[in-house]
Each structure stands twice: as structure tokens, then as C-alpha cells.
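# Reading the structure
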Amino acid sequence: MVTSTTGNAEPQPRPMETLPGATVRLAGDSGDGMQLLGTQLTNTSALAGNDVATFPDFPAEIRAPRGTRAGVSGFQVQFASEEIFTPGDGLDSLIAMNPAALITNVSDLKPSGILIVNEDSFTEKDLKLAKLEQNPLATDLIEPYRVIRIPMTSLTRGAVEALGLSTKEADRCRNFFAMGLVFWLYSRSLEPTQRFIEAKFGKKPELAEANRRALQAGWNYGETTEEFASTYQVNPAKLEPGTYRNIMGNQALSWGLLTASQQSGKPLFLGSYPITPASDILHELSKYKNFGVQTFQAEDEIAAICSAIGAAFGGSMGVTTSSGPGIALKMEGLGLAIMMELPMLVIDIQRGGPSTGLPTKTEQSDLLQVIFGRNGESPIPVTAARSPSDCFDVAQEAWEIATRLMTPVMILSDGYIANGAEPWKIPDASSLKPIPVHHPSSDEIDQPFLPYQRDDLLARPWAIPGTPNLMHRIGGLEKEDGTGNVSYDPDNHQHMTNTRAQKVANVAKLIGDAEVDGPETGDLLILSWGGTYGACTTASRQLRAEGSEVAHCHLRWLNPFPANLGEVLRRYNQVVIPELNCGQLRMLIRSRYLVDAIGFNKVKGKPFAVRELVERFRSLLSNPVHQS
Amino acid sequence: MNPTLPVLKASDFGSDQDVRWCPGCGDYSILAQMKKVLPELGVARENLVFVSGIGCSSRFPYYMNTYGMHSIHGRAPAFASGLKITRPDLTVFVITGDGDALSIGGNHLMHCIRRNVDLNIIMFNNSIYGLTKGQYSPTSPQGHVTKSTPVGSLDFPLSPLSVALGAEATFVARSIDFNTKHLGATLLRAAQHKGTSFVEVFQNCNVFNDGAWSYVTDRGTKDDHTLVLEHGQPMIFGKDRDKGIRLNGLIPEVVNLSDTNVDDLLFHNEQTDSPHVAFTLSRMHHPEYPVPIGVFRSVERPTYEKQVGEQIEAIQASKGVGDLQQLFKSGETWTVSE
Ligand code: SF4
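Each value, and the rule that gives it
- Residues numbered from 1 in each chain as written.
- Chains lettered and ligands numbered in written order.
- Predicted model: local features only at pLDDT ≥ 70, side-chain atom pairs only at ≥ 80, totals over all residues.
- Helix = DSSP H or I, 4+ residues; strand = E, 2+ residues; numbered from the N terminus.
- Buried ≥ 20, exposed ≤ 12 C-beta atoms within 10 Å, placed from the backbone.
- Contact = placed C-beta atoms within 7 Å.
- Nonpolar A, V, L, I, M, F, W, Y, C, P; charged D, E, K, R; others polar.
- Pairing = 2+ DSSP bridges.
- Near = placed C-beta within 6 Å.
- Axes fitted to C-alpha atoms, helices over the stretch in contact; angles between N-to-C directions.
- Parallel < 35°, antiparallel > 145°, perpendicular 65-115°, else oblique.
- Left-handed = near helix turned anticlockwise from the far one by under 90°.
- Domains from an automatic or database assignment.

To continue, consider the overall build of chain B. Scanning chain B for helices and strands turns up eleven helices and 14 strands. Along the first, second and third principal axes, the C-alpha atoms of chain B reach 95 × 50 × 50 Å. Across the 338 residues in chain B, those meeting the buried criterion constitute 47%. Taking all contacts inside chain B whose residues are at least 6 apart in sequence as the whole, residues at least 24 apart take part in 66%.

Following this line, the structure appears as C-alpha cells:
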């Protein structure tokens, strides 16, 4: 194969193909800057008006051994001219910066997909690091693909040569070379990235210049090489009119919390302890001291929740954030908040488990932990975000429920949502829903004050210290209803247990009915929750487009379930519940509704691909497990 | 005292709940002294909060007619920190015991103290687990025979005040349940200090560890076994005030005043920045030494919650108060038109 690497041949006029969308994965060493490249491609595509969805996938180690398979960091983005719900399954193109990146990712590339490799990093040493006996570029592994080999390292060094950087510094610019090339291939503007370089490296002009040159060199390389038969274009999507920005899950959650705090007039107090993949919420909220936000990096997960409960007792919006292992540590504190009936939010950004598990990978396996993982009968409302931007709404809704019913509320997200990004239509801040909160004063309360007197939904009053004549003591011992005094009376304990359960059940009166996307009755209902929303939506629409009677119901509240859920489930011949766990929602649904739901489960630390869902659903349609 | 406040009496601070400690327990005396000194503090009842953990001592909040939280084992400093950071206007006490504070809650205690959150931590030290019926605690002497250590405990005990000083405490004191006058005065000093106050109170558990502190409570011997610390005063003790403490290099020694000049004694200075002498005092144990009581250390350092407030104010002053719409629109945005 003859490759022009000189870069000074005349630009070739090339046909431009318009595509409805493209899925691109950038893979390299964890130090190669793939996440940055991916973020730039995402932002640029969003600015170009595409709908976008991303899936960053990185190792748990900050700098895993160079060149190894364990050290591969990937970033996948789908951009499209139509509405999309996932970062895509099959890749249209894969950029592999080294053999380890190639070997761990190439199976996801579609046949005839474009495989761009950095040829310079396929030396004997690189192959050994990736535990490869043979150069994959010399095997038929790459046969099905359009392979484009580019000596990126030497080209980048050449592009920045005049600047007198060290080899190491020059090699750091390689990701910008790759970026320039990808941007050329998909007809993306370089301008937003040039602005980014200015903002990020402005203080180090020679690095800024080097990155700019590498970016341009990548673009120029595309223009001059004859290896690409055409370039591609993805037109703007028909999104609802409005002003948009890209938003990541943890950022949207942080902004949702901030908004809930403002809308309720309750100062936000976050007690948190660093843990992947939740720490970004602590980082994000720590930036908003100008909103009066107080963030408290506690000594451990336990102190994190306990400090938030202390803040709640004092009348603040107490929040704690963590992931599975940290949530396990918080459970005793959460039990106390349930007993004391104080409003607060506990946020679980799920990751692969058990134990330390897969800290940077996604899973939905904390559902039963958060619903049941405490001593005693200790019910709590549980809600789950379905996508990055949805986190914004979920945070507000959860706080509204917490304050209305005087209960802690659990919010579930996961690593896939937390780090994924999508366009978000910026709301008009003045039209956001207020969240009314009331603290009684002594003139509106008859003496003696009864801290456990209840309203129509069984909520008790949120009387806070500093209020004259409403002094009261709360704690973890069983309370007498009304007075809140310690009580060991058997009938009172039964009554209080029932009351706490009924109070949480009352959430169903506020959250509305379960809605169905698709026919009201039919052959198959897909029931999903959390981060599988996008893949399930895409799969069900695809099957309906093929003429199947498939509907999709996505649960926003996992405890309690919407009031009409049992009735919805019975309208379909089969119910299938895809989950990234071993069947946790399925267990709840079967026990609660006696519906023989079918599971489709995966725990590989990866989200569902649409095609695996479609395949499974198709087979259920042609060979039903249960005949009605 | 704030003149607009109604004058309160000790009885105003009692709740309507029956006190359920064992008869003769040292906790009664601490409760009585607390109620007695609170009126002197001049804080309205609704602005007082008692937060406790788990154990006999931790029932304390139920008996106070103030706001209160009986929380979970060992975590009271964490609840109280969240409360005080968000509500610096409140006066917050943490009531805890030796097991609660030093065993299950050791981590929270240490970090709360180093942050200098303005909390008054009163630790009832009875050197035993009372509520769970008599297991040895982190302050029980080695060899202590209990239900869980029938042939004697193996662990070496720790000294609570050394722990507090090691954690950078700004206020450290010790008193004794039955030394009521001293106890009341010490509680008041603790409450008046800005920052974390850590007070160890020797408390007799007459059911499971009776007489653990008899050497400092028995009428006949207490004066010979106790060193009452007074700021600016030489360290003199004994029934006849005939003994003193002198430093020999870095080591304290007991000397007879008959052959030692008072000027050669160690003079107590609770306000020195360096905690070294306070630490040395915290290492003086019975029977080698008289046990010091009183305020070991009382120094000024900004409180955590005050600094939290100052950071917020400074940023609001320089950046302006946060605006949601501006935040949503920050960074790169694009517009889709009809
Ligand atoms: S067990 Fe001991 S500490 Fe507890 S109440 Fe009885 S005497 Fe007091």
C-alpha cells in the first residue's frame, strides 16, 4: 500500500457523503488524552447541531502500565441528525493509538468500518506490551475493515519540530493530530477546539502553538492523503427549538441539586467522601460557594451521611453522595434518618460490584441494596435517573418528595450516566417549579408540641432548632406516635412500622402513573429502569418499526412503584426486564405482582448494546417463553 | 447575660421524661451540673442542642428541655458538625462515653477536633461498657476482668486527653462527676470556648465498674491524688498542699515543698500555643502522679464553621451571588430555531 505522508501533495477533491449519524470510538493509552479528544469531538458535534451521546470507558488506575491492554482508555460518541438515545453499538470508525487499543476494541467495529491506527506504535516492544505474538496489522483480523495506517508519532513530531519541544512534549500533541484527522473525516469545524486550546494552554504559548499545529497537521493529512475515498457529513438534528448545551450526568445532578436548593429556599449542604464515580459531584458543587453551597469532605462515608443528617435537623438541604461500597457504610445512618423522619437525599452512582469491584465500570446492581439493605423494616423512596440530562430533573423531584413526606430519598445513577454526555435544553430559570417547604413556628402549634403528629400524607412537621417552644428530642429508639417519646410498647411499634411503610407508599400518590411508549396492549412489554432507558427505547422503536407489537415502560420510581404498574404489566403477553444485574427489579416485580417477568441480564461492566436487546426481544417474539 | 432573655433556672432545663439511669450512677451528677450552669451561659433553650451517640451517657438529651438528637453509636460528632456548620447560631453539645467516643467513634472524634468545629464534647469516662452490661472499654486498665475478658483484657488503654491533644484540640479539660463545683465550672468554661472543647469527666458506673475513680473521689485520699490546674498558678497539691510538680528535663516529678522552692515548680499556662506541656500533663496517671483536673489547654484558633462562612462571603463579594440562569448558559451553547 502506498501512503502519502509528505503532506505537500495537492489537496484532492473528494466526494462528501451525508450520513444520518456516526459512531466513533477513540482508543489509546490512559495517558494518551483520549478522553479529551472524545470530549472535543462531542462538543463540536453538538455545536454543529447534532444530537450526541457519549460513553467514556477508562481504567481504574490513573496511569495503568503503558501499552498494556489494562491501560486502554476509550471514548465512544455517537452524533446524529436524528434523535438518539445511546452512544451507539457498532462502530463506524475506530481510532487505535496502539496495538492494545486495537486488539481490545476492534471487534466492535462494523464490517467495512474505518480503522485508523498509529502505525508508529506497532513496534516489537508495543506488541509485547499488548501480549501479542504477531502484529495484528499483518493478520486477517483486520481483513473486514478499511485500514488506514498513519505514522502519527513521526508526523506529529514533524509538525511541531520548529518549536523546539522535547520529544515527550511533542508526543503529547499526538491526540490533537488524531483529532484534526477525525474532524476532517467528519467535516467538523476546528474552531471550537482552537478556542479550547487557547483557553487551556494559553499560559504556555509554545504548548498551545504545538497543539494547534498538530491539530492542523492532522486535518491537512486527511486532505492530502489518498487513502480516504470520501469524507462524511452529519446534518443537524431536528431538536426542539431552544438553547442547548452539552451536559454530563454528574454535572446535571449537581445542577439539579443546586436548583432544588434554590427553588426550596433551603441552603444546600453536601457531606461527601471521595469515591469513583461519584466524586465529580463533590467537585462540581464545591465550585458553587457563590450560591451559598456548603460542601464538607468528611473523614469517611459514615460521617458524610451523618453530617448531612445533622444539617437536615437544622433545616438545611442535606445531601450525601457515594457509590455502592460507600452506600453500604451509610446504611446505619440512613436508618436513623428514616426513624427520625428527616428529609434528605442520598445519591448512589452505581458501579460494578461486589466489594471494590469495577470502580470505573457501570452496573445496576445496587437496587436491592438501597431498597432493603438496612436493619429492621426501613422503607425509603427510591428513584433512578435515566440519562445524563435527566439527572437534573430527578434531583429536584426527589427533593420535592423528601420535603413533602419528611423522608430521606435515594437517587440512583450509574457510571454510564455519570460520565456520559448529551445535549440539554437550557431551561428558563424563572419558570422552574418552586418546592414549598414549611417550618412551623410556635404560634401556629398547639402546646404541647407533637413532633410526630402527621398530616394527610403522614408527614410530620419539620420543626427546627432555634424555634421557641418547639423543643423536642429525636433519635433512633422507637418513637411513640405523636409525642415522639421513646416507646417500647408492642402495639405502638406495630403502628409506627405500618405508618412509616404507608408514608413511603403515599409517594405513589404524587408521582403519577407509569407511561408506556408503544401500543397499549401487545405481545411484549419491555420494563426498564435507570441507565438502560436509551438502549431499551431504541430497541423497542426499532422493533415497532419492523411491525412488532412491542411496548416500553420505563420506571422512574423503584419504590414505591407507580399505582397502575400491576395493571400495565398484565396488558401484555410477555414482560421482559433487561437489567445490568442478575435480575433485581425482576425479583421485585415478580414478588409484588406475581407476573412471570422474563429477565435479560448482563454484568460485564458495560451498557447494553441495542443489537443484543433487539436480538433477545425478537427471539421472545418468535418463541414466547410464556404463552398467554 | 443577654438582658432580653428571660431568667432561667436549672429546673427550666429538665424535660418531662423520667431519668432512667441506675440509682447512684455518676451521670445524675453531671446532668444536675449541666442544668445548673446553663442559665449562666445566657443562651435561650431553643438555641441549645444536645447530640449524643449510644451508651448510658447518650440518653442525656432526652432529659434536657432543649433540642436534642440521640443518634447512632460513635457518630455524634459527625451529626453535630453538620448541624453546627449549617447553623452556627446554635450552641451544640455532644454527649458521649469512652466506648462511644474512643472506640467505635474514634475517627469522628479525631477529625471533629482537628477541624475545630465549635462543639462542646463532654465525654463521660467510666472505663466500661455500661449499656451492654459490662465489657471492658478503650480506657479500661490492662488486665481488666470483665464478661468479655474473663482472664483479663490484653489491650493497653489510651488516655483520652492525649488523643484530643494529638488531634490538635484547642480546648482540653478534665473533671470528676462528684466534684460538683469543679465540674460545673469546667462545663461552663468548655461552653464558653470558641472551637471544639473536649472534656473528660471521670464518671462512676456503680453497677459495672464501681470505684474506678475512688482514688480521686474518696474523701480521705482525693487531695493527695488530684492536681487541680489553675492558670498562672504553680502546680501544688496534697491535703496539706505540701507537694508540687517540677519538670526534670521533659519528665514531671513530684517534689516536697519542704525542700523545693515554689518558683522551681511548673506553673500552669493553659494558653501556650505549644501543646507539649499539656500533653505531658495528660500523661500523668495514678498512682505515679496526682491526676490533673481542670483546663489543660485553651487556645484560640478560627472555628471551622466560621471559615466556611467567610469563604462563602468572600466569593459572593468577588463573584456576586450565584445566578442559575447564568450558570446554565456558561460555556459553549448553541441555539436551535423553529
Ligand atoms: S450501667 Fe453504669 S453507667 Fe450505665 S446507668 Fe448504670 S451505673 Fe450508670
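Past the structure itself, the notes keep going.
Here we come to the interface of chain A and chain B. In this complex, chain A contributes 58 residues to the contact, which on the side of chain B involves 51 residues. Every element with two or more residues in the side of chain A that touches chain B is listed here: α1 (34-47), β9 (242-248), α9 (249-264), β10 (268-272), β11 (294-297), α11 (301-313), α12 (324-340) and β17 (473-475) of chain A. Ranked by residue count, the leading element in the side of chain A that touches chain B is α11 of chain A, at nine residues. Taken together, the residues of the side of chain A that touches chain B sort by class into 29 nonpolar, 22 polar and seven charged. Bridge count between β17 of chain A and strand β2 (residues 67-70) of chain B: three bridges; the pairing is parallel. Within β2 of chain B, the position partnered with Ile 474 of chain A by the bridge is Met 69 of chain B.

Further remarks concern the site of the ligand. Looking at the ligand, the residues that line it are Trp 21, Cys 22, Cys 25, Asp 27, Cys 56, Asn 126, Gly 130, Cys 205, Asn 206, Val 207 and Phe 208 of chain B. Per-class residue counts for the shell around the ligand are seven nonpolar, three polar and one charged.

Residues and elements named next belong to chain A. The sheet built from six strands is open, its strands ordered β3-β4-β2-β5-β6-β7 with mixed pairing. With partners counted over all chains shown, the strands left at the sheet margins are β3 (51-57) and β7 (146-150), one partner each. Across the sheet, the mean angle from the axis of one strand to that of its neighbour is 15 degrees, orientation sign disregarded. Pairing of β3 with strand β4 (residues 72-80), which is carried by seven bridges, proceeds in the antiparallel orientation. For Asp 51, the partnering residue across the bridge sits in β4 and is Ala 80.

With that out of the way, let us pick up the packing of α9 of chain A against helix α14 (residues 390-405) of chain A. Residue and element names in this part refer to chain A. Remark: α9 packs on α14, axes separated minimally by 7 Å, with the N-to-C direction vectors making an angle of 40 degrees. Considering the angle they form, α9 stands oblique to α14. Considering the relative orientation of α9 and α14, their crossing is right-handed. Seen from α9, the contacting residues are Gly 249, Ala 252, Leu 253, Trp 255, Gly 256, Leu 257, Thr 259, Ala 260, Gln 263 and Ser 264; seen from α14, they are Cys 391, Phe 392, Asp 393, Val 394, Ala 395, Gln 396, Trp 399 and Thr 403.

It is worth spelling out the sheet that holds strand β21 (residues 557-559) of chain A at this point. All names here are of chain A. Strand order in this open sheet of seven strands is β11-β10-β12-β13-β15-β14-β21, and the pairing throughout is mixed. Pairing within the sheet leaves two strands with one partner each, and these edge strands are β11 and β21. Taken over all neighbouring pairs, the strand axes of this sheet differ in orientation by 20 degrees on average, direction set aside. Two elements, strand β14 (residues 382-384) and strand β15 (residues 408-414), share three bridges in a ladder whose sense is parallel. Counted as the bridge partner of Thr 383 is Ile 411 from β15. α11 contacts β10, β11, β12 (317-322) and β13 (344-350) of the sheet and is inclined by roughly 165 degrees relative to β12.

Take the pairing of strand β12 (residues 251-256) of chain B next. Residues and elements named next belong to chain B. Bridging between strand β11 (residues 243-248) and β12 involves six bridges; their strand directions are antiparallel. Across the sheet, residue Gly 244 finds its bridge partner in β12, namely Val 255. Between β11 and β12, which pair antiparallel in sequence order, lie two residues; one of them, Gly 249, sits at a positive phi of approximately 65 degrees.

In this section: the domain arrangement of chain A. Residue and element names in this part refer to chain A. Along its sequence, chain A is carved into domain 1 (16-234), domain 2 (245-431) and domain 3 (512-622). Once you take the C-alpha centre of each, domain 1 and domain 3 turn out to be 36 Å apart. Contacts between the two partners involve five residues from domain 1, matched on the other side by eight residues from domain 3. Classifying every residue of the side of domain 1 that touches domain 3 by side-chain character gives three nonpolar, one polar and one charged.

Our next topic: the environment of Val 603 of chain A. Residue and element names in this part refer to chain A. Relative to the assigned elements, Val 603 resides in the loop between β23 (598-601) and α21 (610-622). Exposure remark for Val 603: the 17 C-beta atoms within 10 Å place this residue in the partly exposed category. Between the C-alpha atom of Val 603 and that of Val 516, which follows or precedes it by 87 residues, the distance is 26 Å. When near neighbours in sequence (up to four residues on either side) are disregarded, Val 603 contacts Glu 363, Ser 365, Leu 580, Asn 581 and Cys 582.

When glycine is set aside, most residues are seen to have a negative phi, and most peptide bonds are trans. Residues and elements named next belong to chain A. Residues Gly 353 and Pro 354 are joined by a peptide bond in cis, for which omega reads 0 degrees. Secondary-structure assignment places Pro 354 in the loop between β13 and α13 (367-372). The residue after Asn 559, namely Pro 560, is reached through a cis peptide bond having omega -10 degrees. Structurally, Pro 560 is set in the loop between β21 and α19 (565-569). For Lys 131, which is not glycine, the phi dihedral falls at a positive 55 degrees. One can find Lys 131 in the loop between α3 (124-129) and β7. Taking the C-beta count within 10 Å as the criterion, Lys 131 has 12 such neighbours and is therefore assigned exposed.

Further remarks concern the packing of helix α7 (residues 191-201) of chain A against helix α8 (residues 205-224) of chain A. Residue and element names in this part refer to chain A. Where α7 contacts α8, the axes come no closer than 9 Å and their chain directions differ by 160 degrees. Classified by the interaxial angle, the pair formed by α7 and α8 is roughly antiparallel. Considering only the axes of α7 and α8, their crossing is right-handed. Residues Thr 193, Gln 194, Ile 197, Glu 198 and Phe 201 of α7 touch α8, and the partners they reach there are Leu 207, Ala 208, Asn 211, Arg 212 and Leu 215. Broken down by class, the residue content of the contact of α7 with α8 amounts to five nonpolar, three polar and two charged.

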